[in-house]
Amino acid sequence: MCERLHCAGEENWVDSRTVYIGHKVPPPGTEAYIPQRYPDNRIVSSKYTFWNFIPKNLFEQFRRIANFYFLIIFLVQLIIDTPTSPITSGLPLFFVITVTAIKQGYEDWLRHKADNAINQCPVHVVQHGKVVRKQSRKLQVGDVVLVKEDETFPCDLILLSTSRDDGTCFVTTASLDGESSHKTYYAVQDTKAFNTEEEVDTIQATIECEQPQPDLYKFVGRINIYLDRDEPIARPLGSENLLLRGATLKNTEYIYAVAIYTGMETKMALNYQSKSQKRSAVEKSMNAYLIVYLCILISKALINTVFKYVWQADPNRDEPWYNQKTETERQRHILIRAFTDFLAFMVLFNYIIPVSMYVTVEMQKFLGSYFISWDDEMFDEELGEGALVNTSDLNEELGQVEYVFTDKTGTLTENNMEFIECCVDGHVYVPHAICNGQIMSGASSIDMIDSSPSAEGKEHEELFFRALCLCHTVQVKEEETVDGIKRGIHQGKATSFYISSSPDEVALVEGMKRLGFTYLRLKDNHMEILNREDEIERFELLEVLNFDSVRRRMSVIVRSNSGELYLFCKGADSSIFPRVISGKVDQVRARVEHNAVEGLRTLCVAYKRLSREEYEQVCHLLSSAKLALQDRDKKLAEAYDVIERDFILLGATAVEDRLQDKAADTIESLHKAGMKVWVLTGDKMETAAATCYASKLFRRNTQILELTTKRTEEQSLHDVLFDLSRTVLRQHGSMTRDTFSGLSSDFQDYGLIIDGATLSAVMKPAQEGSGTGGNYKEIFLEICRNCSAVLCCRMAPLQKAQIVKLIKASKEHPITLAIGDGANDVSMILEAHVGIGIMGKEGRQAARNSDYAIPKFKHLKKMLLVHGHYYYIRISELVQYFFYKNVCFIFPQFLYQFFCGFSQQPLYDTAYLTLYNISFTSLPILLYSLIEQHINMDILKRDPSLYRDIAKNSLLQWPIFVYWTFLGVFDAVVFFFGAFFLFDNTTFTSNGQMFGNWTFGTLVFTVLVFTVTLKLALDTHYWTWINHFVIWGSLLFYVIFSLLWGGIIWPFLNYQRMYYVFMQMLASGPAWLSIILLIMVSLLPDVVKKVLCRALWPTTTERIQVCLLIKSKSACQTTSKSHFLEFNLYKTYSNENSTI
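Bear in mind that the values here come from a model prediction, so they are computed numbers and not experimental data. (Residues numbered from 1 in each chain as written. Predicted model: local features only at pLDDT ≥ 70, side-chain atom pairs only at ≥ 80, totals over all residues. Heavy atoms only, no water.)

Q: Which parts of the structure should I look at to understand the environment of N67?
A: Locating N67 in the fold gives a position in helix 2 (residues 65-79). Exposure remark for N67: the relative accessible area of 2% places this residue in the buried category. Placed 30 residues apart in sequence, N67 and I97 show a C-alpha to C-alpha distance of 8.1 Å. Side-chain polar atoms of N67 contact the backbone oxygen of Q61, separated by 3.0 Å. (Helix = DSSP H or I, 4+ residues; strand = E, 2+ residues; numbered from the N terminus. Buried < 20%, exposed > 50% of the residue type's maximum accessible area, 1.4 Å probe, protein only. Polar contact = N/O pair within 3.5 Å; in protein donor to acceptor, adjacent residues only side chain to side chain.)

Below, the structure is given as structure tokens:
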């Protein structure tokens, strides 16, 4: 299977398959019948089944270091006699495993539901001359399928016949390659006349074709048709005969086709990535910290075990008179005793590894994800839907994105072309101002040909309009009224609408219609035009020289009613201007450059007249090239090159591909936030490049570097790559774009354009003996790093995923985000660290397979810059705080062993041990991690550069982790030794009673709970009544619980050691003084550090917080003064930040 997963540009003929149409055996003596087994038409995107859910899910969960560790601790507590109950570890672990399993099971159940909806969809199959309905999943290779207009193809099909006489059908492949325009497909020449199910059932033929492979644009096969003769007729089959699963039939009443690839072997399914478990950078940091704390835990247990046996070397200490050993204990081997003691110490200190942190993180992610769903600014009125969260595991990853990979059609654009203007011999025509040759109101400023133009000017004007009405592949569909009555042509004017494989062509033809020349139809190989005088002109269509991305132009040869032969050509300015011998080139070129700067898509139009002899030469050239079996494409290209030259330039057009609302603003914000944006599209290079200019991905001063098939045909790939590498490195030296903001005018901005075929060559593994072949990936990555934007066009869906994977695996290991709206984007959405689907017009496959779904591209800005920023700030504080409070909690326990003969005596009561993380300190940090806002969200949106402050997991770096750990150790030392020395040899109660060990432990625990809670209060910037209620409520709950726990004799307990301990402690004045004093000493270093850092080395965030504080203090001033002050402060910190 692995060998099949190559993409465009790579020859990949794996063993062929034979398909028997209608499951009919070929006539005897013709060829051997080889029955073959193929999969059914079932699609599976789910991860679990009913039977494997529990073992598979448990396996995945226990792959997490923390879960596996707690499982081991739980088992140890069950097996040996330990100081604490197994419930203290088992209950939280069971809760985490259960909650996670329910969440993942529910998500997979939704995928099962979606799969079933597709697999149970009805399809029509021809059997024994009749059409029968069956479920899509029961479709088999060889079945003849009837598909009606607007239905989706249930599997990959070879077209046999259609309702149209010419054997063509029109298809949209929006869910596959993102193009919603109509494409033309062709039936097999010898079967196109079979138009009923009875006729189709009589076809006896076999299809030989390649085994399934994921390239959407490649198909090689042949059909052998058995008629009333011994030898079958063999016809070649190509991609123009192959209808792909997921595409939709348009403008064709019905078709008959045979299934050749089904289920998970269809090209669409082969382009899916398998859904793997994604892990965030924060989770990886947590696992790394966990390993460090595990090492600390083992060290503590080891130190205590060694010291215990050193202490017990004295027989009086080993076996005092009040604690005699049993005979069994005396006979146990010392190594077994040491190992058991080591495990007991591990269990005693295991609270340093916070199992409750994982519970809290799960709850924080789950509850926090609702803030995205509830965000009214991300609700789309048109769709009536808001943002969706399909997985809550990656919320914080939204704040760490470095690369954004976006689809173009339907994601950046609305895929809605509009004709803006045309220029004939330097004069500009705007459709809204001019209609049918009449100047309308508001058109006075438009350049017009003189009211009495020269004969040549008038002829050029009309030739230009005719050229655009004739040089295209547009189809006409009659429009229907609400009542279903076909209107067709009314009073000589067409009310039909246009469909085409290129939305540009439709826009141009509609633009001509508004300028007075209407294309009516193609009938009997004649194209009909309605001119300004309402006369119908007929042109015989003789040849079509189709558009291709290397030539970047298309031509038609037509014969007018008067018998004149014309060759009309339209194409990119770079491919037309060099072939022009006359015309107003300079004026047209100036207008083209002006429109290109405005981000409009431009095309130039030219023509030449052909004599009869020239036309015959053209026919001979084309026919000989088309009949060639070897190098057909090369020979056609050579013929086109000879034919398309010596043109007379007529003019140029400008078409706008409507960008989605605020798409350009969103991309600009992402750039300012330090993210690199790549556009990955299946569209043509010219189309995609124009969109990149319009969306400000490429700027006016951006130098475009091309790594395309056209260039690699002129130079070797090796030379092109090294040329580009020299170009970018000459400017930037050894520094990469990461060094710059991407907006500096001091450095040349580079934009790279690469196509699918060239990418395949770059990605191809090194051949033995090829020398530098293997370095292409590294050179390519080096070029990309130095480009501010990259455009990848003509991408197969799997190639999009390969690009994402390439960047993910590069040496910096950046966090990637992929966003798209079609099934062709699913692979890259699944491959990226974060996948976002847009609820677009191309179905919901992208939204269903994504981690998050949003209605429009503009919502990405708030999702990353606000939600992502907040999520990361909150969870990074949560993680560091949890490790800190557990160090504070367990380090006094470690110190206590030095004063209790290493006897594994707990410092705290069991109730305190169990409830510390579950009740006393859990709610404040959970609430903090849900609602904390260190900066107002309006400022985060206004200044995207703040996103850079949290880039590269900056708040979970090792220095910060070490600081929190040392702060925890310092506080623990203060708690323990502060209480120890303050109470040394002192009588506290009025009756002269000394405090015991449980009172000492309770005092340390009280200081601990108050200190860690107040530390969180110091870190909180966004105070609400909920914060106050939870923080002060948690402290109050601890006090009330302690009073109740020690104030009542609980009958279900086998010990009453805590009875009256807490009340007795509070009855002592020195205890109150100690608690207040120790809390203040513990918090002092952190307060001093905060004050010094804010004064001497403030971060951008802290500067803004100061600005806002000053603003709030000066609220008494007038509103205008306040705004002025805020603006100046804001400007100051921005300037200082840019200087730094």
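Q: Hey, could you run me through the UniProt feature "transmembrane region" (unreviewed entry) in the protein chain in this one?
A: Here the UniProt feature "transmembrane region" (unreviewed entry) sits at residues 62-80, 288-311, 342-361, 911-931, 961-983, 995-1017, 1029-1053 and 1059-1084. Along residues 288-311 one finds 100% helix and 0% strand; the C-alpha atoms at either end are 35 Å apart. As annotated, residues 342-361 has a helix share of 75% and a strand share of 0%, and its two end C-alpha atoms lie 30 Å apart. (UniProt positions renumbered as here; feature names shortened; annotations may be inferred.)

Q: Which parts of the structure should I look at to understand the side chain of N953?
A: Position of N953 relative to the elements: it lies in the loop between helix 31 (937-942) and helix 32 (958-982). You can call N953 buried: its relative accessible area is 10%.

Q: What is the right way to look at helix 24 (residues 776-785) in this model?
A: It helps to recall that an α-helix has 3.6 residues per turn; residues three or four apart then point in one direction. In terms of burial, helix 24 is a largely internal element, 7 of the 10 residues being buried. Where helix 24 is concerned, the buried positions are Y776, I779, F780, L781, I783, C784 and R785.

Q: I keep staring at the sheet that holds strand 35 (residues 789-793) and nothing clicks. Help me out?
A: Hydrogen bonds between backbone atoms are what pair the strands of a sheet, whose relative direction is either parallel or antiparallel. Here we have 9 strands laid out as an open sheet, ordered 14-38-37-36-15-32-35-34-33, and mixed in their pairing. Whereas interior strands pair on both sides, the edge strands pair on one side only; in this sheet they are strand 14 (388-389) and strand 33 (703-707). In the packing of helix 25 (residues 797-808) onto the sheet, contacts are made with strand 15 (403-406), strand 32 (676-680), strand 35 and strand 36 (816-820), and the angle to strand 32 comes to roughly 155°. Strands strand 15, strand 36, strand 37 (834-838) and strand 38 (852-854) of the sheet are contacted by helix 28 (residues 859-896), whose axis makes an angle of about 135° with strand 38. (Pairing = 2+ DSSP bridges. Contact = heavy atoms within 4.5 Å. Axes fitted to C-alpha atoms, helices over the stretch in contact; angles between N-to-C directions.)

Q: Looking at this model, I keep getting lost on the packing of helix 33 (residues 997-1019) against helix 34 (residues 1025-1047). Mind explaining?
A: Each packed pair of helices is defined by two parameters, the angle between the axes and the distance between the axes. Helix 34 packs onto helix 33 with a crossing angle of 170° between their chain directions and a minimal axis gap of 10 Å. Relative to helix 34, the element helix 33 is oriented roughly antiparallel. On the side of helix 33, the interface is formed by T1002, F1005, T1006, V1009, F1010, T1013, L1014 and A1017, while helix 34 contributes I1031, W1032, L1035, Y1038 and V1039. The residue inventory of the contact of helix 33 with helix 34, partitioned by class, reads 10 nonpolar, 3 polar and no charged. (Parallel < 35°, antiparallel > 145°, perpendicular 65-115°, else oblique. Nonpolar A, V, L, I, M, F, W, Y, C, P; charged D, E, K, R; others polar.)

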